[in-house]
Amino acid sequence: MVADKGKKSKVAERGEEQDSDHVDGELVLSIEKLQELQDELEKINEEASDKVLEVEQKYNEVRRPVYIRRNEIIQSIPDFWLTAFLSHPALSDLLTEEDQKIFKYLASLDVEDCKDVKSGYSIVFNFSPNPYFEDTKLVKTYSFTEEGTTNITGTTIKWKEGMDIANGNGHEKKGSKRPLTEESFFSWFGETELKNFSDGVTDEVAEIIKEDLWPNPLKYFNNEADEEDFDGDEDDEEKGSEDDEDGDQDDDEEEDDDDS
Amino acid sequence: MVADNGKKSKVAERGEEDSDHVDGELVLSIEKLQEIQDELEKVNEEASDKVLEVEQKYNEIRRPVYVKRNEIIQSIPDFWLTAFLSHPALSDLLTEEDQKIFKYLVSLDVEDCQDLKSGYSIIFNFSPNPYFEDIKLVKTYSFTEEGVTNITGTTIKWKEGMDIANGNGHEKKGNKRPFAEESFFSWFGETQQKNFSDGVTDEVAEIIKEDLWPNPLKYFNNEADEEDFDGDEDDEESEECLLQNFGLPFLGHLQDSKYFMGSEDDEDGEQDDDDEDDDEDDS
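Procedures and definitions
- Residues numbered from 1 in each chain as written.
- Chains lettered and ligands numbered in written order.
- Predicted model: local features only at pLDDT ≥ 70, side-chain atom pairs only at ≥ 80, totals over all residues.
- Heavy atoms only, no water.
- Helix = DSSP H or I, 4+ residues; strand = E, 2+ residues; numbered from the N terminus.
- Buried < 20%, exposed > 50% of the residue type's maximum accessible area, 1.4 Å probe, protein only.
- Contact = heavy atoms within 4.5 Å.
- UniProt positions renumbered as here; feature names shortened; annotations may be inferred.
- Pairing = 2+ DSSP bridges.
- Axes fitted to C-alpha atoms, helices over the stretch in contact; angles between N-to-C directions.
- Core = buried A, V, L, I, M, F, W, Y, C linked by side-chain atoms within 4.5 Å.
- Domains from an automatic or database assignment.
- Polar contact = N/O pair within 3.5 Å; in protein donor to acceptor, adjacent residues only side chain to side chain.
- Phe/Tyr/Trp six-rings, centres within 6.5 Å; stacked < 30°, edge-to-face > 60°.
- Lys NZ or Arg CZ within 6 Å of the ring centre and 35° of its normal.

**Digging into the overall build of chain A**
Logical step 1: Each helix and strand counted, chain A has five helices and five strands in total.
Logical step 2: Along chain A, from the amino end to the carboxyl end, the secondary structure elements read α-α-α-β-β-β-β-β-α-α.
Logical step 3: Of all 260 residues assigned to chain A, the portion counted as buried reaches 40%.
Logical step 4: Counted over contacts in chain A with a minimum sequence separation of 6, partners at least 24 positions apart contribute 54%.

Right under this line is the structure:
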């Protein structure tokens, strides 16, 4: 363009502003329409999430009475949860020798979701009266807030005299320094540090118990009962007797009857 | 027990009857427990099926919205390129050469199988371009019942001297490509079979499907108003910011675009780096 600067700039300006305003205007319009569609998608996604949550809530209620029945049957299987824990690849590492003795008083385990499922859940260990602590119920509770944080509460265990193994005062080890790997499982109840979703896994032990052990503990219990035969993922007709007919015995022989 | 061996063993045997009795009860309990687990498994399967039904239903509802969205995106030049470059993870995957190719990217599409559980495809639609013959580059993930993921990807028909996915880009002719300069397009050739147990199947695919595809505008806007944008806000602020910041950062991407009719110069005469369409005398 070879015009005088004044005119050129005016024309250029008008050209630039009007044309680019025009282009920008269309662009802005498109982006606005796009935003509307994203809003529409977001509504759809929320509706989908709500519906999925409804399904999960419904089936949680269906499962509840089954878990109660299961708990009753487990009462007739000595050391069921102890055995299941010890047979679980990850959980077995968490129990010290002393912990295992305490677990013999473990009457039942329970995992309870909040009714709405999304607010959180509790893991409940029910104990019979024992020489270690006063409590008959040790609970750890996870509450999910709308903001995305998780509040954790855990029973402060009322240890009996000289029994506080969770804090290194077990009478067995009196005077000895506890190596790190010998941390008691029961210290888990005291780990209530606040976590964010963005931190990833809230509490690995809780997740394993809730998502893996609780749905099917028999799978792990059986693993112990017939180590050679059991194939981790099978839930088939296989019976779960502790001793096979040919007299194979398991390592943890806590109820020794007179054998031939 | 202090009895003669014969008697003792008999008593012991009878004692065994006791332990048989105990074992018998035990076996019974465990069998009942197994039945309960079987019952729980049925309940869980039913729950999974119902959840899948919900997800299938809503996928069908989303489909026409995605189609409409695609049409609108056509009027936004370099939308997907911009969104890619604004995504914290994906931006690292595009080399300079890739970005040039992406200017020919017309649309992106993520399509689930109708039943959802069998898999999905990620489709890049291109306009005719000097780099490859294809107008559609697809990567497909198929989930089998056994837990294996089969992956297929378009074998790109690169034009002469353009095969940058294999280090033959004419730009870098003769130079060895450093690792970080691996072309994004080599992703289409990564089709090794995976198992669920291996964990994440294909991170790029997951990011595109789960993060970019549901809301690419979030990332696109991030580019447009870098200072003001608060990642999770979908309110009117983003539009205002767009207008306010509708200057350098955004226009920078437009100037090479065939859609852009305006000039590359702002009123105050600022210029971008890539001045390829210089047709004006600057003041």
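**Focus on the UniProt feature "coiled-coil region" (unreviewed entry) in chain A**
Logical step 1: Mapped onto the present numbering, the UniProt feature "coiled-coil region" (unreviewed entry) falls at residues 27–58 of chain A.
Logical step 2: With 100% helix and 0% strand, residues 27–58 of chain A has its two end C-alpha atoms placed 46 Å apart.

**What to know about the sheet that holds strand 2 (residues 119–126) of chain B**
Residue and element names in this part refer to chain B.
Logical step 1: Reading across from one edge, 1-2-3-4-5 is the order of the five strands in this open sheet, with antiparallel pairing throughout. What marks the edges here is a single partner per strand, and that holds for strand 1 (105–112) and strand 5 (194–195).
Logical step 2: Where strand 1 lies against strand 2, seven bridges are found, and the strand directions are antiparallel. Bridged to Val110 within strand 2 is Ile122.
Logical step 3: Most of the contacts of helix 2 (residues 79–86) go to strand 1, to which it runs at about 70°, and overall it touches strand 1 and strand 2.
Logical step 4: Contacting strand 1, strand 2 and strand 3 (136–143), helix 4 (residues 203–212) runs over the sheet at an angle of about 90° to strand 2.

**Notes on helix 2 (residues 80–87) of chain A**
Logical step 1: With eight of eight residues buried, helix 2 of chain A lies mostly within the body of the structure.
Logical step 2: Buried within helix 2 of chain A are the following residues: Phe80, Trp81, Leu82, Thr83, Ala84, Phe85, Leu86 and Ser87 of chain A.

**Some points on the UniProt feature "coiled-coil region" (unreviewed entry) in chain B**
Logical step 1: Mapped onto this numbering, the UniProt entry annotates "coiled-coil region" (unreviewed entry) at residues 26–57 of chain B.
Logical step 2: Across residues 26–57 of chain B, the secondary structure splits into 100% helix and 0% strand, with the terminal C-alpha atoms separated by 46 Å.

**Focus on the nonpolar core**
Logical step 1: Among the nonpolar cores identified, the biggest contains 59 residues, and Phe84, Phe124, Phe185, Trp187 and Ile208 of chain B are the most heavily contacted of them.
Logical step 2: Ranked by residue count, the leading element in this core is helix 1 (residues 5–75) of chain A, at 10 residues.
Logical step 3: Looking at this core, you find at least three residues from each of domain 1 (30–75) and domain 2 (77–167 + 182–225) of chain B.
Logical step 4: Not counting chain neighbours up to four residues away, the residues in contact with Phe124 of chain B comprise Phe84, Phe102, Leu105, Ser107, Leu108, Ile135, Lys136, Leu137, Phe184, Trp187, Phe188 and Ile208 of chain B.
Logical step 5: Counting residues in hydrophobic clusters, the runner-up holds 48 residues, among them Phe80, Ala84, Val111 and Leu218 of chain A.

**Brief notes about the side chain of Asp98 of chain B**
All names here are of chain B.
Logical step 1: Along the chain, the position of Asp98 falls in helix 3 (residues 96–102).
Logical step 2: Judged by relative accessible area, which is 0%, Asp98 ranks as buried.
Logical step 3: Here Phe184 takes part through its backbone nitrogen, which lies 2.7 Å from a polar atom of the side chain of Asp98.
Logical step 4: Discounting residues that sit within four places of it in the chain, Asp98 has contacts with Leu93, Ile164, Glu182, Ser183, Phe184 and Phe185.

**Points about the packing of aromatic side chains**
Logical step 1: Under the definition given, this model contains 52 aromatic pairs over all chains.
Logical step 2: Between the aromatic rings of Tyr104 of chain B and Tyr131 of chain B, the centroid separation amounts to 6.2 Å while the plane-to-plane angle is 65°, which identifies the pairing as edge-to-face. One end of the pair, Tyr104 of chain B, is in the loop between helix 3 and strand 1; the other, Tyr131 of chain B, is in the loop between strand 2 and strand 3, with 27 residues separating them in the sequence.
Logical step 3: What makes Tyr104 of chain B partly exposed here is its relative accessible area of 27%.
Logical step 4: A centroid spacing of 5.5 Å and a plane angle of 80° characterise the contact between Phe124 of chain B and Phe188 of chain B, whose relative ring orientation is edge-to-face. With Phe124 of chain B in strand 2 and Phe188 of chain B in the loop between strand 4 (148–153) and strand 5, this pair connects stretches of sequence that are 64 residues apart.
Logical step 5: Here Phe124 of chain B falls in the buried class, since its relative accessible area comes to 0%.
Logical step 6: For Phe188 of chain B, a relative accessible area of 1% puts it in the buried group.
Logical step 7: Three or more aromatic residues joined by ring pairs form one cluster here, namely Phe85, Phe103, Phe125, Phe127, Phe133, Trp159, Phe185, Phe186, Trp188 and Phe189 of chain A.
Logical step 8: Across the ring face of Tyr121 of chain A, the terminal group of Lys210 of chain A is positioned such that the distance to the ring centre comes to 4.8 Å.

**Re the environment of Glu55 of chain B**
Logical step 1: Looking at where Glu55 of chain B falls in the secondary structure, it is placed in helix 1 (residues 5–73).
Logical step 2: The partly exposed category is assigned to Glu55 of chain B, whose relative accessible area is 34%.
Logical step 3: For Glu55 of chain B and Leu116 of chain B, which are 61 residues apart along the polypeptide, the C-alpha to C-alpha distance reads 7.8 Å.
Logical step 4: The residues touching Glu55 of chain B, leaving out its near neighbours within four places in the chain, are Val52 of chain A together with Arg62 and Leu116 of chain B.

**Quick look at the pairing of strand 3 (residues 137–144) of chain A**
Consecutive side chains along a regular strand alternate between the two faces of the sheet.
All names here are of chain A.
Logical step 1: The pairing of strand 2 (residues 120–127) with strand 3 spans seven bridges and is classified as antiparallel. Across the sheet, Ser122 pairs through a bridge with Thr141, a residue of strand 3.
Logical step 2: Pairing of strand 3 with strand 4 (residues 149–154) involves five bridges; the strand directions are antiparallel. Paired with Lys140 across the strands is Gly154, a residue of strand 4.
Logical step 3: From the end of strand 3 to the start of strand 4, which pair antiparallel, there are four residues, and Gly148 there has a positive phi angle of about 100°.

**Here's the deal with unusual backbone geometry**
Logical step 1: The residue Val117 of chain A is not glycine, and still its phi comes out positive at about 70°.
Logical step 2: With respect to the secondary-structure elements, Val117 of chain A resides in the loop between strand 1 (106–113) and strand 2.
Logical step 3: With a phi close to 55°, Asp78 of chain B is a non-glycine residue in the positive phi region.
Logical step 4: Checked against the element boundaries, Asp78 of chain B lands in the loop between helix 1 and helix 2.

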